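These are the residues of each chain, in order.
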Amino acid sequence: MEAGNQTPVTEFVLEGLSNTRELPSLFFLLYLFTLLGNALTLLTVLCDPRLHALPMYCFLDACLSSVAVPKILAGLAGPGGRTISFGGCAVQVYAFHFLASTECFLYTVMAYDRFLAICHPLRYTVVMSGRACMGLAAGTWLTGSLCATIHTTLTFRLPYCGPNRVEYFVCDIPSVLKLACADTAANKVVILANIGVVAAGCFLLICISYAYIASAVLKIHTAQGRLRAFSTCSAHLSLVLLFYAPLLFVYVRSYSSHVSDGAVAVFYTMFTPLLNPFIYTLRNKEMKKALRRLAYGSVLSQNGTKS
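Model, not experiment: these values are computed from the prediction.

Undergrad: Help me out: how do you make sense of the nonpolar core in this one?
TA: One broad rule of soluble globular proteins: the nonpolar side chains tend to lie buried together. In terms of nonpolar packing, the biggest core is built from 35 residues, with Tyr107, Ile206, Ile213 and Tyr244 touching the most fellow members. No other element matches helix 3 (residues 86-119), which puts 13 residues into this core. Apart from the residues within four sequence positions on either side, Ile213 is in contact with Ala111, Arg114, Phe115, Ile118, Cys119 and Cys233. Within the second largest apolar cluster, 34 residues are counted, among which are Phe27, Cys89, Val170 and Ile191.

Below you can see the structure in the form of structure tokens.
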């Protein structure tokens, strides 16, 4: 689209999701349960010192859902809720890709953690020292911020002069680039290459880690030992599949319009953050014990207050 003499866009209108006008209560309940589930997981981790080394992706999941879902609910409440300023759209793109990229790197670090724990248990405490964990955590956040900055800068340096209707329920790169008043071919190549390198690179490292883990587990002589080793990885594997499957579906087909893309994106932004704490809790014995201790302590404190 050529810029011409048209007025620059100062706000966008999100088209939202089709056939969802009667579902605001359902989306609100899903979002509420997402916040409660992730908050309970984080509270349990903070209250039990033995769990402080556990992954803190629950915070990222809740934040990632919060980037999109409140705007979805506002859009379902009325037409005015679908409007977002130019700056707000840029912030939403940055926040979404910052959190998604950071979570992508975090899952890769978690795979490396499982690799060390199973393949090199005697070296685990030395390699994964407190300083190393802090460095890895800082690296995931900084790299995620860098990726998001690249995506946002490439997208919003272009001129936008109308139309301003985004054919999606949030501001995301493919849907926003369609509205640019300039050639976006270079942007699409760079952005897809960036996303491909990050996602494919992280997924490849995760696969390599689990190839070594599978080899080590198969060398364990007892079935009980193999089952115990696999159980330490099952939650992480489930989360990786929930994270990558919708991501690949949406962005491999990112520049073609499909109704199913919206449904998959909703699953990615709403159902995955909702399911993650339950998957992690049900598949982690330490977490289940900590939840019981937390619930038992709450009951004791209430009884003590009454007496």
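Undergrad: I tried to follow a nonpolar patch on the surface on my own but got confused; where do I start?
TA: On the surface, Phe28, Leu29, Leu32, Phe33 and Leu36 cluster together into a nonpolar patch covering about 460 Å² of accessible area. Within the secondary structure, Leu32 is located in helix 1 (residues 24-47).

Undergrad: Can you help me understand the packing of helix 5 (residues 130-156) against helix 7 (residues 185-218) in this one?
TA: One way to put it is that helix 5 packs onto helix 7 with a least axis distance of 10 Å and a crossing angle of 165 degrees. Taken together, helix 5 and helix 7 sit at an angle that is classed as roughly antiparallel. In terms of crossing hand, the pair formed by helix 5 and helix 7 is left-handed. Residues Cys147, Ile150, His151, Leu154 and Thr155 of helix 5 pack against Asn187, Val190, Ile191, Asn194, Ile195 and Val198 of helix 7. Split into classes, the residues belonging to the contact of helix 5 with helix 7 amount to seven nonpolar, four polar and no charged.

Undergrad: Would you mind going over the packing of aromatic side chains with me for this structure?
TA: The tally for this structure, following the rule as stated, stands at 13 aromatic pairs. With 5.8 Å between their ring centres and 10 degrees between their planes, Tyr94 and Phe98 make a pair best called stacked. Of this pair, Tyr94 and Phe98 both sit in helix 3, four residues apart, which is roughly one turn of the helix. Tyr94 sits in the partly exposed class, given a relative accessible area of 28%.

Undergrad: Looking at this structure, how should I read the pattern of salt bridges?
TA: If charged atoms from side chains of opposite charge come close, those side chains can pair. Inspection of the entire model under this criterion finds two salt bridges. When the shortest N-O distance is used, the salt bridge between Glu15 and Arg165 registers 2.5 Å. Residue Glu15 is found in the loop between strand 1 (11-14) and helix 1, and its partner Arg165 is found in strand 3 (residues 165-166); the two are separated by 150 residues along the sequence. Classification of Glu15 by relative accessible area gives partly exposed; the value is 28%. On the basis of relative accessibility, which here comes to 41%, the residue Arg165 falls in the partly exposed class. For the salt bridge of Arg114 with Asp113, the shortest nitrogen-to-oxygen distance reads 2.8 Å.

Undergrad: Mind showing me how you'd approach the state of the cysteines here?
TA: One way to say it: the disulfide is the covalent bond shared by the sulfur atoms of two cysteines. All chains considered together, the criterion is met by two disulfides. Disulfide partner of Cys89: Cys171, at an S-S distance of 2.1 Å. Measuring handedness by torsion sign, the sulfur bridge of Cys89 and Cys171 sits at about -120 degrees and is left-handed. Here the residue Cys89 occupies a position in helix 3, and Cys171 occupies one in the loop between strand 3 and helix 6 (173-177), the gap between them amounting to 82 residues. In terms of burial, Cys89 and Cys171 fall into one category: buried. Each sulfur in the disulfide pair Cys161 and Cys181 lies 1.9 Å from the other.

Undergrad: Can you walk me through the environment of Leu237 in this structure?
TA: With respect to the helices, strands and loops of the structure, Leu237 is situated in helix 8 (residues 223-252). Taking the C-alpha atoms as reference points, Leu237 and Tyr210, 27 residues apart in sequence, are found 9.2 Å from one another. Beyond its immediate sequence surroundings of up to four residues, Leu237 is in contact with Tyr210 and Phe230.

Basis of the calculations
Residues numbered from 1 in each chain as written. Predicted model: local features only at pLDDT ≥ 70, side-chain atom pairs only at ≥ 80, totals over all residues. Heavy atoms only, no water. Core = buried A, V, L, I, M, F, W, Y, C linked by side-chain atoms within 4.5 Å. Buried < 20%, exposed > 50% of the residue type's maximum accessible area, 1.4 Å probe, protein only. Helix = DSSP H or I, 4+ residues; strand = E, 2+ residues; numbered from the N terminus. Contact = heavy atoms within 4.5 Å. Patch = residues over 30% accessible without salt bridge, like charges linked within 9 Å, V, L, I, M, F, W, Y side chains within 5 Å. Areas by Shrake-Rupley, 256 points an atom, 1.4 Å probe, with all protein chains shown as cover. Salt bridge = Lys/Arg side-chain N within 4 Å of Asp/Glu carboxyl O. Axes fitted to C-alpha atoms, helices over the stretch in contact; angles between N-to-C directions. Parallel < 35°, antiparallel > 145°, perpendicular 65-115°, else oblique. Left-handed = near helix turned anticlockwise from the far one by under 90°. Nonpolar A, V, L, I, M, F, W, Y, C, P; charged D, E, K, R; others polar. Phe/Tyr/Trp six-rings, centres within 6.5 Å; stacked < 30°, edge-to-face > 60°. Disulfide = S-S within 2.5 Å.

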